[in-house]
Amino acid sequence: MGRWRPVEVMVRPVWDGRRVLITGDTGFKGSWLSLWLADLGALVAGFALPAATDPSLFESARIGDLVEHTDGDIRDLDAVERVVQQTAPEVVFHLAAQPLVRYSYQAPIETYATNVMGTAHVLDACRRQSSVKAIIVVTTDKCYENREWVWPYRESDPLGGHDPYSSSKGAAELVASAYRRSYFGVDGAPLLATVRAGNVIGGGDWSTDRLIPDFVRAFERGERVRIRSPRAVRPWQHVLEALDGYLTIAARLLKGDRAVATAWNFGPDQEDARSVSWIATRMVELFGAGGWDQDEAPQAHEATMLMLDCSKARQELGWRPAWPVAKALERVVAWHRGAADGGDARALTLNQIKEYQALGRALAGEYL
């Protein structure tokens with residue numbers, strides 16, 4: 001097997017001065033990625049709607065001071081084309097999306113317009129921009145046709161989705177595949193990969209209708225949390241695990257490695273695919289207060305069992321998780337405790353990025 005974690009992802013020379021465009025930079029994951037890349041010396045541009053939550057990591061960590069941000073909607077093809085032309089990126093990370101399963105039941109047209117046509121808009125703009133060398137389209141573990149079985153899903157398994165969100169992400173994968181085969185990777189065109197991560201968690205996530213942010217808000221208010229599906233199993237992982245996978249792919253695409261211009265799963269080890277009740281109980285233990293109850297009201301359909309097979313990333317990239325889910329939860333609670341005590345959101349985030357990078361460098365030598 002190759003080395004545990006590609007060291008080149010962790011050093012400035014790969015990214016120093018590199019022009020990068022991130023769609024969805026105002027989101028939770030986009031904010032972490034923007035800050036990490038800026039710290040590595042990249043010239044980061046962002047394109048997104050204003051942050052969807054108040055507070056938001058984008059505002060609290062002052063990401064806008066580090067990123068050439070443009071307000072815009074990926075449903076607007078003209079606006080997407082303008083920002084791609086103006087920023088002339090070498091690398092494009094497409095994260096902008098309608099990211100919520102339950103909201104997709106309320107707004108299916110918005111969900112499809114954003115996640116499917118928005119992806120097509122970004123790819124169409126990139127195919128006409130000569131500066132672009134690498135494109136990473138971020139989808140989700142929920143893009144698979146979920147059969148509620150105990151086996152983890154591989155990149156070769158059928159795409160699908162019961163709800164509008166999941167099916168829109170499966171459709172975004174198909175759009176990316178069609179653009180890859182029709183326009184990219186030939187005659188000097190950009191290389192395109194899609195990345196599928198699990199349930200990412202981390203400090204600074206105040207999204208609505210998500211388990212960890214719901215717990216953070218409840219603890220701040222002295223309330224108990226109502227849990228919809230305590231027995232549901234998900235591939236929980238810290239946001240830095242997923243982003244490290246994305247950066248690994250981007251670095252390989254920039255080197256012209258056509259073998260990685262395909263779909264990739266990035267998720268935790270199998271033992272870290274935990275139930276919602278396990279996560280909830282552990283959060284109560286870490287905060288030392290609060291509790292949770294099951295919500296008995298009728299609920300819209302959500303998958304019960306969902307795990308990712310990441311053996312391809314391990315075998316072909318030398319990638320594997322660094323922080324088990326217990327560690328990831330500790331870092332989430334530490335971040336929010338630090339923020340509640342008046343800590344600077346940017347410093348809290350950067351400190352965890354540097355902690356994660358240091359662990360990667362220390363362990364990489366064991367696998368060389």
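See above for the structure.
Per-chain numbering applies: the sequence of each chain, read as written, is numbered from 1 onward. Under the rules for a predicted model, residues below a pLDDT of 70 receive no local features and side-chain atom pairs below 80 are neither given nor counted, while totals for whole chains, interfaces and linings still include all residues. Values reported for side chains reflect all heavy atoms of the structure, with hydrogen atoms and water molecules removed beforehand.

Visitor: How should the environment of proline 89 be read in this particular structure?
Guide: Looking at the element boundaries, proline 89 is found in the loop between helix 4 (77-87) and strand 4 (91-94). Along the sequence, proline 89 and alanine 134 sit 45 residues apart, while their C-alpha atoms lie 9.2 Å from each other. The residues contacting proline 89, other than those within four sequence positions of it, are Arg19, Val20, Leu21, Val84, Ser131 and Val132. Numbering of helices and strands runs from the N terminus; a helix is a DSSP stretch of H or I covering at least four residues, while a strand is a stretch of E covering at least two. Whether two residues are in contact is decided by their heavy atoms, any of which lying within 4.5 Å being enough.

Visitor: Help me understand the nonpolar core in this model?
Guide: Among soluble globular proteins, nonpolar side chains are generally buried collectively. By size, the foremost hydrophobic cluster in this structure holds 55 residues, and its most contacted members are Trp15, Leu37, Phe93 and Ile249. It is helix 9 (residues 239-254) that contributes the most residues to this core, 10 residues altogether. Definition of nonpolar core: a set of buried residues of the types Ala, Val, Leu, Ile, Met, Phe, Trp, Tyr and Cys, connected through side-chain atoms within 4.5 Å. Between buried and exposed lies partly exposed: a residue is buried under 20% and exposed over 50% of the maximum accessible area for its type, with that area taken using a 1.4 Å probe on protein chains only.

Visitor: Looking at this model, I keep getting lost on the pattern of salt bridges. Mind explaining?
Guide: Close approach of charged atoms allows side chains of opposite charge to pair. Here, a salt bridge means any side-chain nitrogen of Lys or Arg that lies within 4 Å of a carboxyl oxygen of Asp or Glu. If you walk through the whole model with that rule in mind, you get 22 salt bridges. Lysine 354 is the partner of aspartate 39 in a salt bridge, and the nearest nitrogen-oxygen pair spans 3.0 Å. A residue pair is termed long-range when its members are at least 10 positions apart, and aspartate 39 in helix 2 (residues 28-39) and lysine 354 in helix 13 (residues 345-364) qualify at 315 residues. Residue classification places aspartate 39 among the partly exposed residues on the basis of a relative accessible area of 24%. Of the charged contacts, one joins arginine 62 and aspartate 344 as a salt bridge, the two residues approaching to 2.7 Å between their closest N and O atoms. Remark: aspartate 344 occurs in the loop between helix 12 (325-340) and helix 13 and arginine 62 occurs in the loop between helix 3 (57-60) and strand 3 (68-71); sequence separation between them is 282 residues. Through salt bridges with shared partners, a single network forms among Glu81, Asp124, Arg127 and Arg128.

Visitor: Hey, could you run me through the side chain of lysine 142 in this one?
Guide: Relative to the assigned elements, lysine 142 resides in the loop between strand 5 (134-138) and helix 7 (164-182). A polar contact is formed between the side chain of lysine 142 and the side chain of aspartate 141, at a distance of 3.3 Å. Discounting residues that sit within four places of it in the chain, lysine 142 has contacts with Val101, Gly160, Tyr165, Ser166, Asn199 and Leu306. Whenever two N or O atoms come within 3.5 Å, that pair is a polar contact, provided that in protein one can donate a hydrogen and the other can accept it, and provided that, for residues adjacent in sequence, both atoms are side-chain atoms.

Visitor: Hey, could you run me through the packing of aromatic side chains in this one?
Guide: Aromatic ring pairs: the centre-centre distance and the angle between the two ring planes describe each pair. Between 30 and 60 degrees the pair is tilted, below 30 it is stacked and above 60 it is edge-to-face, where a pair is any two Phe, Tyr or Trp rings, Trp via its six-membered ring, whose centres lie within 6.5 Å. Counting across every chain of the model gives nine aromatic pairs. Taking 4.1 Å as the distance between ring centres and 35° as the angle between the ring planes, the aromatic pair formed by phenylalanine 219 and phenylalanine 287 counts as tilted. Pair noted here: phenylalanine 219 is in helix 8 (residues 211-221) and phenylalanine 287 is in helix 10 (residues 276-287), with a separation of 68 residues, a long-range link. Overall, the relative accessible area of 15% leaves phenylalanine 219 in the buried class. Exposure remark for phenylalanine 287: the relative accessible area of 16% places this residue in the buried category.

Visitor: Is there a simple way to think about the packing of helix 6 (residues 108-127) against helix 7 in this case?
Guide: Between two packed helices, the angle of one axis relative to the other and the distance separating the axes together describe the packing. An axis is simply a line fitted to the C-alpha atoms; with a helix, the fit covers only the stretch in contact. Between two such axes, the angle follows the N-to-C directions and lies from 0 to 180 degrees. The interhelical angle for the contact between helix 6 and helix 7, taken along N-to-C directions, is 15°, at an axis separation of 9 Å. On the basis of their axis angle, the class for helix 6 and helix 7 is roughly parallel. The hand of the helix 6/helix 7 crossing is right-handed. The residues of helix 7 that touch helix 6, namely those facing Pro108, Thr111, Tyr112, Asn115, Val116, Thr119, Ala120, Leu123, Asp124 and Arg127, are Pro164, Tyr165, Ser167, Ser168, Lys169, Ala171, Ala172, Val175, Ala176 and Tyr179. Each residue gets one label: Ala, Val, Leu, Ile, Met, Phe, Trp, Tyr, Cys and Pro are nonpolar, Asp, Glu, Lys and Arg are charged, and the others, such as Gly, are polar. Classifying every residue of the contact of helix 6 with helix 7 gives 12 nonpolar, five polar and three charged. The scheme is simple: roughly parallel for angles under 35 degrees, roughly antiparallel for over 145, roughly perpendicular for 65 to 115, oblique for anything else. Two helices crossing with the near one rotated counterclockwise from the far one by less than a right angle form a left-handed crossing, whereas a clockwise rotation gives a right-handed crossing.

Remember that the coordinates give geometry; whether it matters functionally is a separate question.
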